[in-house]
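What follows is the residue order along each chain.
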Amino acid sequence: MSDAVPEPEPEETEPGARPESGYEPAAPAPLDVPRAPTGDAEVDARLARLADADHLATDGHVEVYEDVHRGLRDALTALDARPGPPAPPSPHEHRS
C-alpha cells in the first residue's frame with residue numbers, strides 16, 4: 001500500500017494560452033478628482049488634460065501625465081522669462 005497521492009493530469013491548452021483565473025480587469029473609469037480653476041488659462045487647460053487619463057487604461061496614463069507635467073513646467077519657465085515691474089528708484093540715484 002502506498003501513501004502517494006496521484007498527480008492530476010495536466011489539461012491540454014494552446015501554446016501561450018493563459019489558464020482562466022476568473023479575473024476580469026475593470027474598465028477605465030473617471031476618478032472624478034475636482035480641479036479648481038487657477039485663473040491662468042494655460043494652466044487650466046493643462047490641468048483639464050488630466051481628464052483624458054480617465055478614459056485610458058493604466059498604461060496610457062504616463063503619456064498624459066508627462067504631457068501635463070511638461071506643459072506646467074513650460075508655463076512656470078515662461079513666468080521666469082517675463083520682465084517684472086520696474087525696480088523702485090534708489091534714494092542715492094539722483095545725487096549731484
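These remarks concern the structure in this document. Keep in mind the model is a prediction, meaning the values are calculated, not measured.

### Remarks on the overall build of the chain
Now for step 1: Within the chain one finds 2 helices and 0 strands.
Now for step 2: Counting all 96 residues of the chain, 9% fall into the buried class.
Now for step 3: For the chain, the proportion of contacts with a sequence separation of at least 24, taken over those separated by at least 6, is 37%.
Now for step 4: Here the chain displays about 9100 Å² of accessible surface, and carbon together with sulfur accounts for 56% of that area.

### Examining the side chain of His61
Now for step 1: Within the secondary structure layout, His61 lies in helix α2 (residues 61–81).
Now for step 2: Note on His61: relative accessible area 17%, which makes it buried.
Now for step 3: Here Ala53 takes part through its backbone oxygen, which lies 3.0 Å from a polar atom of the side chain of His61.
Now for step 4: Not counting residues up to four positions away in its chain, the partners in contact with His61 are Ala53 and Leu56.

### Considering the packing of helix α1 (residues 41–48) against α2
Now for step 1: Running from N to C, α1 and α2 point in directions that differ by 170°, and their axes come no closer than 9 Å. Classified by the angle between their axes, α1 and α2 sit roughly antiparallel to one another. Listed contacts from α2 to Glu42, Val43, Arg46 and Leu47 of α1 are Asp67, Val68, Gly71, Leu72 and Ala75.
Now for step 2: For the contact of α1 with α2, the residue count by class is 5 nonpolar, 1 polar and 3 charged.

### Here we look at the side chain of Asp54
Now for step 1: Within the secondary structure, Asp54 is located in the loop between α1 and α2.
Now for step 2: The buried charged residue Asp54 lacks any salt bridge partner; its closest oppositely charged side chain belongs to Arg35, at an N-O distance of 4.9 Å.
Now for step 3: In this view, Asp54 contacts Pro28, Ala29, Pro30, Leu31 and Asp32; residues no more than four positions away in its chain are not counted.

### Regarding the pattern of salt bridges
Now for step 1: All chains considered together, the criterion is met by 4 salt bridges.
Now for step 2: Taking the shortest distance from any N to any O, the salt bridge between Asp67 and Arg70 comes out at 3.7 Å. Taken as a pair, Asp67 and Arg70 lie in helix α2 at a separation of 3 residues, close to a single helical turn.
Now for step 3: For Arg70, a relative accessible area of 39% puts it in the partly exposed group.
Now for step 4: The network of salt bridges with shared partners includes Arg46, Arg49, Asp52, Asp67 and Arg70.

### A closer look at α2
Now for step 1: With 21 residues, α2 ought to run about 30 Å at 1.5 Å a step, and its terminal C-alpha atoms sit 30 Å apart, in line with that.
Now for step 2: Listing the buried residues of α2 in full gives His61, Val64, Asp67, Val68, Gly71 and Ala75. Mapping the buried residues of α2 onto a view down its axis gives an arc of 140°, with all of them on the same face. Away from the buried face of α2 by more than 90 degrees, exposed residues Glu63, Leu76, Asp80 and Ala81 are located.
Now for step 3: Against α1 lie the buried residues of α2.

Conventions we followed
Residues numbered from 1 in each chain as written. Predicted model: local features only at pLDDT ≥ 70, side-chain atom pairs only at ≥ 80, totals over all residues. Heavy atoms only, no water. Helix = DSSP H or I, 4+ residues; strand = E, 2+ residues; numbered from the N terminus. Buried < 20%, exposed > 50% of the residue type's maximum accessible area, 1.4 Å probe, protein only. Contact = heavy atoms within 4.5 Å. Areas by Shrake-Rupley, 256 points an atom, 1.4 Å probe, with all protein chains shown as cover. Polar contact = N/O pair within 3.5 Å; in protein donor to acceptor, adjacent residues only side chain to side chain. Axes fitted to C-alpha atoms, helices over the stretch in contact; angles between N-to-C directions. Parallel < 35°, antiparallel > 145°, perpendicular 65-115°, else oblique. Nonpolar A, V, L, I, M, F, W, Y, C, P; charged D, E, K, R; others polar. Lys, Arg positive; Asp, Glu negative; His and termini not counted. Salt bridge = Lys/Arg side-chain N within 4 Å of Asp/Glu carboxyl O. Expected span 1.5 Å × (residues − 1). Arc of directions from axis to C-beta.

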